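Chain residues, written in single-letter form:
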There are 2 protein chains.
Amino acid sequence: MQFSARLTMATHILLAADYFSGEVRTTSEFLAGSVGTNPVIVRRILGQLRNAGLITVEQGIGGVSLAKDPSEISLLDIYNAVEKKEETIFHFHENPNGACPVGGRIHELLDDELERVTKCMEKELSDIKLSALADKIPKGKE
Amino acid sequence: MQFSARLTMATHILLAADYFSGEVRTTSEFLAGSVGTNPVIVRRILGQLRNAGLITVEQGIGGVSLAKDPSEISLLDIYNAVEKKEETIFHFHENPNGACPVGGRIHELLDDELERVTKCMEKELSDIKLSALADKIPKGKE
DNA sequence: ATAGTTGTAACCGTATTAGTTACAACTATG
DNA sequence: CATAGTTGTAACTAATACGGTTACAACTAT
């Protein structure tokens with residue numbers, strides 16, 4: 001199992017939108033060229049990022065702008081925007097036998113532990129800010 | 001995106017195999033009754049756990065035994081046995097544009113960060129031992 | 001009015017998952 | 001030795017998700 005490529009694509013899109021802001025119009029076509037995919041894939045991700053309040057998109061004319069400072073956007077924000085649908089990343093089997101000493105307690109045994117693993121992952125993602133990534137890209141001009 | 005239910009099912013299976021060891025013959029049919037699934041699903045998971053050296057299975061007669069002490073089996077061992085196929089849990093988009101200042105550096109920017117998140121999750125899973133879970137199940141007899 | 005763009009629906013091919021049926025190989029037991 | 005019960009595995013199914021693609025209405029600067 002793997003997470004979808006939407007997390008890396010969305011991060012790429014945000015970094016490109018930031019990097020090229022004011023320089024070129026960051027249309028879905030342009031961004032798709034950088035990400036190496038289809039403009040519709042980009043627009044779908046833009047929709048998720050917009051719904052999450054991370055960007056604004058100029059309808060009609062085109063162009064993506066960050067809605068927050070890059071230091072206020074973490075990989076967890078992006079992850080939550082494009083990936084998260086369910087409460088937990090660990091899918092529990094649906095019908096453990098409650099009459100069994102093990103089956104009747106399996107949730108009680110595992111739920112908190114798996115929650116802790118999830119929280120740990122989320123914490124780690126939240127520590128990675130877009131600004132830290134953007135700062136590593138040398139700006140040709142300026 | 002979610003991990004498959006194989007992790008929780010496999011953990012359930014191992015806990016049941018441990019709990020009922022010496023008491024009843026833990027056949028795939030019996031275990032399937034506790035997990036709430038099909039015996040073949042159980043046998044498929046048993047195959048993965050066996051390949052990982054976590055259990056032995058009595059062919060012909062039936063019955064699952066742990067190959068290690070429960071304190072030596074972690075959720076990471078189980079995860080690696082039943083879930084892990086790829087190197088990373090984060091799927092990177094395949095064709096970032098190398099000619100773009102962002103696309104050309106996106107791996108350099110993200111690979112280490114995502115690796116760190118993965119390692120953190122694995123560390124957390126490795127800290128959860130089967131014995132800690134098994135100890136919380138009251139043994140009716142003894 | 002026009003050209004370029006966004007937002008979204010619809011569809012495709014591929015892959016994964018849990019579940020199921022089927023069956024050969026194996027093993028203890030009578 | 002024959003049998004019953006079991007494992008291991010292949011083959012198939014239905015459901016779901018994913019990246020990709022085509023198409024098109026709605027929007028906007030010029």
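Computed from a predicted structure; not experimentally measured.

Peer 1: I tried to follow the relation of the copies chain B and chain A on my own but got confused; where do I start?
Peer 2: Both copies of the chain are tied together by a single rotation about an axis and a shift running along it. Once chain B is rotated about the relating axis by 180° and shifted along it by 0.0 Å, it coincides with chain A to within an RMSD of 0.0 Å. When the rotation and shift are considered jointly, the pair of chain copies conforms to a two-fold rotation axis. Taking the C-alpha atom as reference, chain B places M121 of chain B closest to the rotation axis, 2.9 Å from it.

Peer 1: In this structure, what is going on with the interface of chain B and chain A? I would like to understand it.
Peer 2: Put simply, an interface is often sized by how much accessible area is lost when its parts join up. Facing 52 residues of chain B, the contacting portion of chain A comprises 52 residues. Both sides of the chain B and chain A interface together cover about 5000 Å² of buried area, and 69% of this is carbon and sulfur. Here chain B is connected to chain A by 4 salt bridges. K136 of chain A is the salt-bridge partner of E113 of chain B, the closest N and O atoms lying 3.9 Å from each other.

Peer 1: Can you help me understand the state of the cysteines in this one?
Peer 2: The term disulfide refers to a covalent linkage connecting the sulfur atoms of a pair of cysteines. Under the counting rule described, the total for this entry stands at 1 disulfide over all chains. A sulfur-sulfur separation of 2.2 Å characterises the disulfide bridge that pairs C120 of chain A with C120 of chain B. Given an S-S torsion of about -105°, the disulfide between C120 of chain A and C120 of chain B has left-handed geometry. With C120 of chain A in helix α5 (residues 106-126) and C120 of chain B in helix α5 (residues 106-126), the pair connects residues from two separate chains. Accessibility classification places C120 of chain A together with C120 of chain B in one group, the buried group.

Conventions used here
- Residues numbered from 1 in each chain as written.
- Chains lettered and ligands numbered in written order.
- Predicted model: local features only at pLDDT ≥ 70, side-chain atom pairs only at ≥ 80, totals over all residues.
- Heavy atoms only, no water.
- Least-squares fit on C-alpha atoms with pLDDT ≥ 70 in both.
- Contact = heavy atoms within 4.5 Å.
- Buried area = accessible area lost by both parts, 1.4 Å probe.
- Salt bridge = Lys/Arg side-chain N within 4 Å of Asp/Glu carboxyl O.
- Disulfide = S-S within 2.5 Å.
- Helix = DSSP H or I, 4+ residues; strand = E, 2+ residues; numbered from the N terminus.
- Buried < 20%, exposed > 50% of the residue type's maximum accessible area, 1.4 Å probe, protein only.

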